[in-house]
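# Results of the structural survey
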Amino acid sequence: MTTAATKKLALSHLWVAFAAFIVACFMGEYQVLERSGFISALDSAPVYFASVSTHGVLMAFVLTTFFIMGFGYYIATTTLKQPLWNLPLAWGGFWLALFGVVLAAVPLLTGKASVLYTFYPPIVAHAAFYIGATLLVVGSWVWCAIMLVMFSQWKKANPGQTVPLAMFATAANAMLWLWTSAGVALEVLFQLIPLSLGWIDTIDPGLARTLFAWTLHPIVYFWLIPAYTAFYVFVPKQAGGYLFSDEMARIAFIVLAVFALPIGFHHLYMDPEQAKGWKLLHGIGTFVVALPTLVTGFTVIASLEIAGRLRGGKGLFGWIGTLPWTNTMVLSVILALLMLIFGGFGGIVNASYAMNAMIHNTAWVPGHFHLIFGGTTIIMYFAIAYYLWPILSGKPLYSNEMALTQLWLWFIGMVILTTPWHVLGLLGQPRRISSVVYNNLLTLAWKPYELAMIFGGLVLLGSACLFIYNLVKTQLNPTAEALTEELEFAEPIHAVTALPEYLNSLTLWNKVIAVLMVISFGYPILQFFIMKTFGSSAWGY
Amino acid sequence: MQIDTAKILAQLRTWCTEFNAIHIDPLEKKWIAISLAVVGLFVAIITLDALFHGINPPSKVETIDSASLHLSTEFAEDKLGVQTDAQGVITVRMVAGRYSFFPKHITVPAETPLTFRWVSMDVLHGVHIPMTNMSTMIVPGYVAEITTTFPKPGEYPLLCNEYCGLGHNHMWSNISVIAKEDWQASVKSPAQGEQK
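Residues numbered from 1 in each chain as written. Chains lettered and ligands numbered in written order. Predicted model: local features only at pLDDT ≥ 70, side-chain atom pairs only at ≥ 80, totals over all residues.

Named according to an unreviewed UniProt entry, chain B is Cytochrome c oxidase subunit II originating from Methylovulum psychrotolerans.

As named in an unreviewed UniProt entry, chain A is Cytochrome c oxidase subunit I, taken from Methylovulum psychrotolerans.

Here it is as structure tokens:
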């Protein structure tokens, strides 16, 4: 039931996402060059921080949000086999979000919003930046509403039936995002916009940081869930096998959505405005949310093993060699899992409460999230794009060879970029610096790593250009006959029988989230209204 | 509102029965058990260290008016730096402001517990001393307190690690950690350490 109109809607979202991506990739390479100080003509703190702010907003907010929306619309119509609910509303959300992006881009690119994508009050940007970011989020709420309406309509029309796994994950992500974005929405609507417009004189940065921490962890899972969805519903089929367990996949998505939310204080471990008991509570929750990732790793690798053995692989590791390494989806998942293992290890260090002091706000942290977001998550966005583009555009992919080269380059580039980044953090380099001017011998040890990072960034930029080139050539192919491919979803090796209603619905989990959020954020937010606090006035930068 | 315990228990029992009916491969069950054990071990180590060894991040929820530090009894200019009280307990009071940490150079002893009290006079900052556990955010409106011990003497930089404006990378100062014996020899007056 996916009409041409829905395909156009999905494709439009994905093009906005990847247009933002390629612009941000060029900025990333500029930043690594500027920061190294090897080319003195580039030295400029104002340009650097305008670029870093824009790079963060484009990658973390624009690429992800538009990709997730476009992907979700297509998943909903294909898996539920019903037309999109309210197409005009979906377009309304698209244009609202796009208008928000343009509105925010003006102050960002003119250096009027160099506050980084994490805002950092009491430094204040031009109000248009906050208003634009808000409209982007409101546009994404339209998507959430459409996903949840389609989910419940289908359930009503098909009582007792199991919701297709891909749609279950998408609906869980919509619920997750509504909860997630509420924290930053409170910060922006009640603190940042009023302050930037001069309606209020002071704000409490402690409260602002607490509200932002509400959003800052689960937003990562909002970005990651499409990648995990591809792991479960596309990869086994593309590899030539079956999904090892459909039920465990649902459990993993539920635990991800529920426990991603009440754990944001691991971003505040080093902060003075929250007490240690709350930090420890959120720290323990952070370890709980590692469980669904461990389960996902097992299920995906087991599914790959089934495929490898069906293809004639023998022995303990023989099945790895028989996997279709020339399939973009399969290659992507292998590379994504490799990056997830190393990135996950780094994440355990970050999560480990007081141990966080060792790496907090050092270069280790951007190294970590570039590996796990830029690596694991984005390589799966590539894989999904390569899979969807021929279907959405009705034309065959321009070059599978080029796609494989691009994926390998992305992996190699990411390793070359992020390994030295982690080491720099352990050597004490702070993050978010535009140049190294500390008059200290320690900084001599940093130089070779910065050189390696420039090279890593260059490989990534080359890979990103190949990716966009391949998609554009596919889209612009004039001679191609119309393809009529449809998505193929993996079959579970055991058919799902006797699925409890609570693994087929989000109602119970929505209530569980509400309880957990009250427990973990109730008093920590309330305390700012109980104790005597002192506001900060707005500062420029 | 009356809570019907029996009904809730019955509901929970149904959920458990339903859960047990799900097909989960024995191998996957083993993997989940291993995962739970590993995660449980990490959580146990962190929790026991926090509760019994006092290993916690800086978390003293103490507010202060960042706009009037110069008038405060604790963070006025002449009160800053290293102070040793009558019991020999060392407190280091520091102000972070664009773009330095004040005082710009301090000297402290190695192998001695030091309590740092950090405040910001303007925006958000963060500070760490590379190769040590001295790391904290400095949020305007709050006092960040952290107690730590430097194991090795040496010259260390104090680096701002949170974006605080276009001059962020220029925000740093120095700390000299000297041998414990040298410190005890140098401290004549118990009220005042070295300030430059």
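Let us keep going from here.
A count of helical and extended segments in chain B gives three helices and ten strands. Secondary structure elements in chain B, listed N-terminal to C-terminal, are α-α-β-β-β-β-β-β-β-β-β-β-α. Taken over the C-alpha trace, chain B has a radius of gyration of 25 Å; the compact-globule value for 196 residues is 16 Å, which it surpasses by more than 25%. Considered along the principal axes of its C-alpha atoms, chain B spans approximately 75 × 40 × 40 Å. Once local pairs closer than 6 in sequence are excluded, the contacts in chain B between residues at least 24 apart make up 63%. (Helix = DSSP H or I, 4+ residues; strand = E, 2+ residues; numbered from the N terminus. Rg over C-alpha atoms; globule rule 2.2 N^0.38 Å. Contact = placed C-beta atoms within 7 Å.)

A tally of helices and strands in chain A yields 17 helices and two strands. Here chain A has a C-alpha radius of gyration of 23 Å; the compact-globule value for 541 residues is 24 Å, and the two agree. Dimensions of chain A, computed from the C-alpha atoms along their principal axes, are close to 60 × 50 × 45 Å. Evaluated residue by residue, chain A yields a buried proportion of 56% over its 541 residues. (Buried ≥ 20, exposed ≤ 12 C-beta atoms within 10 Å, placed from the backbone.)

To continue, consider the nonpolar core. Residue and element names in this part refer to chain A. Grouped together as the largest cluster of nonpolar side chains are 222 residues, with contacts concentrated most on A17, A172, I379 and F382. Of the residues forming this core, the biggest block, 20 residues, is contributed by helix 2 (residues 45-80). If sequence neighbours within four positions are ignored, A172 has contacts with F253, I254, A257 and L506. (Core = buried A, V, L, I, M, F, W, Y, C linked by C-beta atoms within 7 Å.)

Here the focus is the packing of helix 6 (residues 205-216) of chain A against helix 17 (residues 507-530) of chain A. Each pair of packed helices can be described by the angle between their axes along with the distance between the axes. Residues and elements named next belong to chain A. Relative orientation of the contacting elements helix 6 and helix 17 amounts to 160°, with a least axis distance of 9 Å. As judged from the angle between their axes, helix 6 and helix 17 are roughly antiparallel. Read as a crossing pair, helix 6 and helix 17 show a hand that is left-handed. Note on element contacts: helix 17 touches helix 6 through F521, P524, I525 and F528, opposite G206, L207, T210 and W214. Residues belonging to the contact of helix 6 with helix 17 are distributed by class as follows: six nonpolar, two polar and no charged. (Axes fitted to C-alpha atoms, helices over the stretch in contact; angles between N-to-C directions. Parallel < 35°, antiparallel > 145°, perpendicular 65-115°, else oblique. Left-handed = near helix turned anticlockwise from the far one by under 90°. Nonpolar A, V, L, I, M, F, W, Y, C, P; charged D, E, K, R; others polar.)

Attention shifts here to the interface of chain B and chain A. On the chain A side, the residues contacting the 59 residues of chain B number 63 residues. Sorting the residues of the side of chain B that touches chain A by element identifies helix 1 (5-20), helix 2 (26-52), strand 6 (125-128), strand 7 (135-138) and strand 9 (154-160) of chain B as the ones contributing at least two each. Per-element tally for the side of chain B that touches chain A: the top contributor is helix 2 of chain B, with ten residues. The residue inventory of the side of chain B that touches chain A, partitioned by class, reads 33 nonpolar, 19 polar and seven charged.

Another point: the domain arrangement of chain B. Each assigned domain of chain B is listed here: domain 1 (5-52) and domain 2 (66-186). On a C-alpha basis, the centroid separation for the pair domain 1 of chain B and domain 2 of chain B is 44 Å. (Domains from an automatic or database assignment.)

Looking now at the environment of L69 of chain B. All names here are of chain B. Among the structural elements, L69 can be located in the loop between helix 2 and strand 1 (81-84). Residue L69 is classed as buried on the basis of its C-beta count, with 20 C-beta atoms lying within 10 Å. A sequence separation of 50 residues divides L69 from V119, and the C-alpha atoms of the two residues are 8.5 Å apart. Sequence-distant contacts of L69, that is, excluding residues within four places in its chain, are made with F75, V95, V119 and M121.

Below, the discussion takes up the sheet that holds strand 4 (residues 105-109) of chain B. Residue and element names in this part refer to chain B. Here we have five strands laid out as an open sheet, ordered 4-10-9-6-7, and mixed in their pairing. Every interior strand has two partners, whereas the edge strands, strand 4 and strand 7, have only one. In this sheet, neighbouring strand axes are inclined to one another by 20° on average, regardless of whether the strands run parallel or antiparallel. Bridge count between strand 6 and strand 7: four bridges; the pairing is antiparallel. Counted as the bridge partner of H128 is S135 from strand 7. (Pairing = 2+ DSSP bridges.)

Look at the link from R98 of chain B to Y99 of chain B: it is a cis peptide, with omega at -5°. With respect to the secondary-structure elements, Y99 of chain B resides in the loop between strand 2 (90-97) and strand 3 (100-102). The amide bond that connects F102 of chain B to the next residue, P103 of chain B, takes the cis arrangement and shows omega of 0°. With respect to the helices and strands, P103 of chain B occurs in the loop between strand 3 and strand 4. The phi dihedral of Y120 of chain A falls on the positive side, at around 45°, and the residue is not glycine.

Bridge analysis of strand 1 of chain B against strand 2 of chain B gives four bridges, and the strand direction is antiparallel. Residue pairing for strand 2 of chain B: G81 of chain B is matched across the bridge by R93 of chain B.

Counted at 1.5 Å a residue, the expected span for helix 13 (residues 328-351) of chain A with its 24 residues is 34 Å, and the 32 Å between its end C-alpha atoms agrees. Downstream of helix 13 of chain A by a residue or two, Y353 of chain A has a phi angle that is positive, lying close to 50°. (Expected span 1.5 Å × (residues − 1).)

This part takes up the UniProt feature "transmembrane region" (unreviewed entry) in chain B. Feature annotation in UniProt places "transmembrane region" (unreviewed entry) on residues 31-52 of chain B, given in this structure's numbering. Within residues 31-52 of chain B, the helical portion is 100% and the strand portion 0%, while the C-alpha atoms at the span's ends are 31 Å from each other. (UniProt positions renumbered as here; feature names shortened; annotations may be inferred.)

Residue and element names in this part refer to chain A. Structurally, the position occupied by F382 is in helix 14 (residues 364-393). Since 25 C-beta atoms lie within 10 Å of it, F382 is described here as buried. Sequence-wise, F382 and E450 are 68 residues apart; in three dimensions their C-alpha atoms are separated by 27 Å. Setting aside chain neighbours within four positions, we find F382 in contact with S332, L407, W410 and F467.

As a further point, take helix 1 (residues 4-36) of chain A. A rise of 1.5 Å per residue sets the reference length of helix 1 of chain A, with its 33 residues, at 48 Å; its end C-alpha atoms lie 48 Å apart and thus fit the reference within 8%. G37 of chain A lies just past helix 1 of chain A and shows a positive phi near 75°.

Residues and elements named next belong to chain A. Structurally, the position occupied by I306 is in helix 11 (residues 290-310). For I306, a count of 19 C-beta atoms within 10 Å translates into the label partly exposed. Along the sequence, I306 and G240 sit 66 residues apart, while their C-alpha atoms lie 8.5 Å from each other. Ignoring sequence-local partners within four residues, the contact set of I306 consists of G241, Y242, F244 and I493.

Below, the discussion takes up the confidence of the model for chain B. Residue and element names in this part refer to chain B. Across chain B, the average pLDDT comes to 91, with 94% of residues at or above 70. For the stretch residues 191-196, pLDDT sits under 50, and the model shows 14 contacts to residues farther than four places along the chain or on other chains. Reported for the predicted complex are a pTM of 0.95 and an ipTM of 0.92. (pLDDT = per-residue confidence, 0-100.)

Residue and element names in this part refer to chain A. Where helix 3 (residues 87-109) contacts helix 4 (residues 127-157), the axes come no closer than 7 Å and their chain directions differ by 160°. The angle between helix 3 and helix 4 falls in the class roughly antiparallel. For the crossing formed where helix 3 meets helix 4, the hand is left-handed. In terms of residue class, the contact of helix 3 with helix 4 is built from 22 nonpolar, seven polar and no charged.

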